[in-house]
Amino acid sequence: MVQLKTVGRKLARIPLIVCLCISLLPANSIAFADSVQSNTRLEQLNEAALFSSLDSDTEAFLDNADSYVEGRDYAENQMIVSFDIKQFDIPADEGLTNEVLTDFDYGSDILNACGYSIMGVIPGYDSCVQVLADLPEGISVKEAILDASENARVIGACPNYYFNVEESLEGGSGQVPSDPCFSNSGSWVYELTSVRKAWNYQKTDNGVTIAIIDGGFNLSHPDLNGRIDTSLAYDAGDSAPLTQNSLRAQEPYTSHGTAVAAAAAATVNNGLGNAGTSYNAKVLPIAAAVKDNANLIEYQSIIRGLQYISTLKESGKADDLKILNMSFGNYSSIRDTAYQKLLSHLRNDLDILIVASAGNTTPNNSAYDNTEFHQPSDFDECISVTAVNKSGLFMQGYAHNEYKDIAAPGAGYYLPQSGSSYYGYFSGTSFASPHVAGVAALIRSANSSLSAGDVERLLYATARDAGKAGRDDYYGFGILDAESAVMRACGINYTDIDSDEWYVYQGYLKYVTQHKLLIGYSGTTLFGPHDDTTRAQVVAVLYRIACPEEQTNDPSHYGKNETPFVDCEDYQWYTNAVNWAAHNNILRGDSSTNYTTARPNDCVSREELAVLLSRYAESIGLNTSVEDYDDPITNDWNDVDVWARNAMKWCYYHQVISGWDNGDGTVSTLPFKNSDRAQLSKVMTFAHKGFPQ
């Protein structure tokens, strides 16, 4: 059983200096150092608890103010003031409308009386609203917060904290997709977490949108062509649409966000640099960098971005938005309850899975061992992603503590850096996070019934244990295992499957499993893909397809043998299917015994399988005539028995039973080779979907 974080363990409010965690080989790159955790759902906080925590957040800042530097850790001449809007005498017919929140004359009167001017209103959750105030010259942020906190209608005040983009450079240079990342030294990123094998089961292909809050984005990078939702892209810094002409869509703002987006969703198999782990999810970019510093993100912009996501989901404009990635954060013992409650709303009310980078080094690189609380990743609402190297070992010096959840590659990412065609190698938890977010998109695409909590538990339950046995502070529940997680999401729990084999990547195993046409051996986790198939198994699956309402696993419903076949017993699992097949002229018996035996437990050859399939096709009204078809060009066609040739030819030309590629330019029919369960999964997929005509 997966043990999740204790409910409420991460409650509180943190002043936010966000470190966007990354590393990049070429110079002039940006590195982001954060992560977010999504764990158990929090119980709803009541307003009294929220407001008292806001007030305590103010006290916490004042108690620790000397450890922060104005202009470095938070914006100069600005503060954020929190009000409970219910304290104001708002006319009943006016209510808490958007206009009221936008104008907010009530709070404006208080601030103007103090000599402060309102720069913007940040609607909060429930009745809390936050106002960004501009301070007059000569008033420090600490003095203004002391001033504001003395007003009875102010429930909290704090600086406009920065989320710092921190970066570390890594040495290096720059069925398998055509993307160069699979032919250079970055391919291990996909192998360590079995992402490439996970794609054999599921591809997102625009079915899920990942929202990414970051500094900025290159909206026209060719490796993100078709991935970016430009119609909803948002500039949270300016509260405006994000377009190609926006400041935060230009260098130097775009490197980190573009690389993060590419780690999750760069187009796969397009011959360009990187392949996103989601296999072509959509990306909703939300840019939040500080105007005069591309390496910083402001608290107010993050809140605006979260509110924007909430509005889109609640309005039905982004129903497929199911993942949020945040590759930034800060370290502090002061925790931001208002921020966390908004994340809780997204996670618990709107069912958005939140993934975040767990953090790289300590604040200002002041220490080697980093166990400090990191937000937003260490909140319960987020999946906190730590980083491992090529050997699957925790990257030394990176953040670790009791709040970390799962590990993913933190180096070796070959991602867009700047401009339209320049790539570089990046490292950091900033990229481990979207690596996990992309896999989460695969899972939600594979099984839309899974909630955010279901996906979270699935990721933890399938993670490959590393470090100390069980959950630990470095790897969390272990290293991401995308293959196992996606298999489970698809309902495939077999342990004897090679995900690189043809019946998997062509989708046949997934299809017959999800439609319950073929099941594994009772009481085991085995499918037996290369076990021979019997004649009884073939007619039993065809019976499931033709008469789904008659299916039962209850032995008391197994019938008597109503056929002339003396070797078919009464009350067996196959008896009803054999009765049906004989009645529909699909199973006709063995001519060598004067049609008195059906050999239900004998293995079925490829040519026998072709005959049974063509007879089934005839029984449902399909034309199986092959008089206009030439003989297939195979090196053993003449070996096919005369009684099976028409059926074999029909199956061959309709791609139901293909020729066997010998690897030397020749193709064989192999009519006498026994059919296995892997082949049965293919032909029954065709039978259920409808044979090609």
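Rules and cut-offs
- Residues numbered from 1 in each chain as written.
- Predicted model: local features only at pLDDT ≥ 70, side-chain atom pairs only at ≥ 80, totals over all residues.
- Heavy atoms only, no water.
- Buried < 20%, exposed > 50% of the residue type's maximum accessible area, 1.4 Å probe, protein only.
- Helix = DSSP H or I, 4+ residues; strand = E, 2+ residues; numbered from the N terminus.
- Pairing = 2+ DSSP bridges.
- Axes fitted to C-alpha atoms, helices over the stretch in contact; angles between N-to-C directions.
- Parallel < 35°, antiparallel > 145°, perpendicular 65-115°, else oblique.
- Left-handed = near helix turned anticlockwise from the far one by under 90°.
- Contact = heavy atoms within 4.5 Å.
- Nonpolar A, V, L, I, M, F, W, Y, C, P; charged D, E, K, R; others polar.
- pLDDT = per-residue confidence, 0-100.
- Salt bridge = Lys/Arg side-chain N within 4 Å of Asp/Glu carboxyl O.
- Polar contact = N/O pair within 3.5 Å; in protein donor to acceptor, adjacent residues only side chain to side chain.

A.B. asks: Describe the pairing of strand β6 (residues 209-214), naming the residues involved and giving the relevant values.
C.D. replies: For β6, the buried fraction is high: six of the six residues fall into the buried class. Of the two faces of β6, the one carrying Thr-209, Ala-211 and Ile-213 and the one carrying Ile-210, Ile-212 and Asp-214 are both buried. Both β6 and strand β12 (residues 321-326) contribute to a ladder of five bridges, which runs parallel. The residue bridging Ala-211 from the neighbouring strand is Leu-324, located in β12.

A.B. asks: Tell me what's going on with the packing of helix α11 (residues 452-462) against helix α12 (residues 482-489), and back it up with residues and numbers.
C.D. replies: A pair of packed helices is characterised by two quantities: the angle between their axes and the separation of those axes. As a packed pair, α11 and α12 sit with axes 9 Å apart at the nearest point and diverge in direction by 130 degrees. Judged on the interaxial angle alone, α12 and α11 are oblique. As α11 packs across α12, the resulting crossing turns out to be right-handed. Between α11 and α12, the contacting residues are Leu-458, Leu-459 and Thr-462 on the first element and Ser-484, Ala-485, Arg-488 and Ala-489 on the second. Of the residues contributing to the contact of α11 with α12, the split by class is four nonpolar, two polar and one charged.

A.B. asks: Lay out the confidence of the model for the protein chain with the relevant residues and their values.
C.D. replies: When pLDDT is averaged across the protein chain, the result is 82; 78% of the residues are at 70 or more. Within the model, the stretch residues 1-19 combines pLDDT values under 50 with 117 contacts to residues more than four positions away or in other chains. Confidence drops under a pLDDT of 50 for residues 166-174, and excluding neighbours within four residues, the segment shows 40 contacts in the predicted structure.

A.B. asks: Which residues make up the pattern of salt bridges, and what are the values?
C.D. replies: Applying the stated rule across the entire model yields 16 salt bridges. For Asp-238, the salt bridge identified is with Lys-291, shortest N-O distance 3.6 Å. In this pair, Asp-238 is assigned in the loop between β7 (234-235) and β8 (240-241) and Lys-291 in the loop between β10 (289-290) and β11 (293-298), connecting sequence segments 53 residues apart. As a salt-bridge pair, Arg-599 and Asp-602 come within 3.3 Å of each other at their nearest N and O atoms. For Arg-599, a relative accessible area of 22% puts it in the partly exposed group. Linked by salt bridges that have partners in common, Arg-535, Asp-590, Arg-599, Asp-602 and Glu-608 make up one network.

A.B. asks: Outline the side chain of Asn-370, listing residues and values.
C.D. replies: Within the secondary structure, Asn-370 sits in the loop between β14 (353-357) and β15 (374-375). Judged by relative accessible area, which is 0%, Asn-370 ranks as buried. Looking at Asn-370, its side chain comes within polar contact range of the side chain of Tyr-331, at 3.1 Å.

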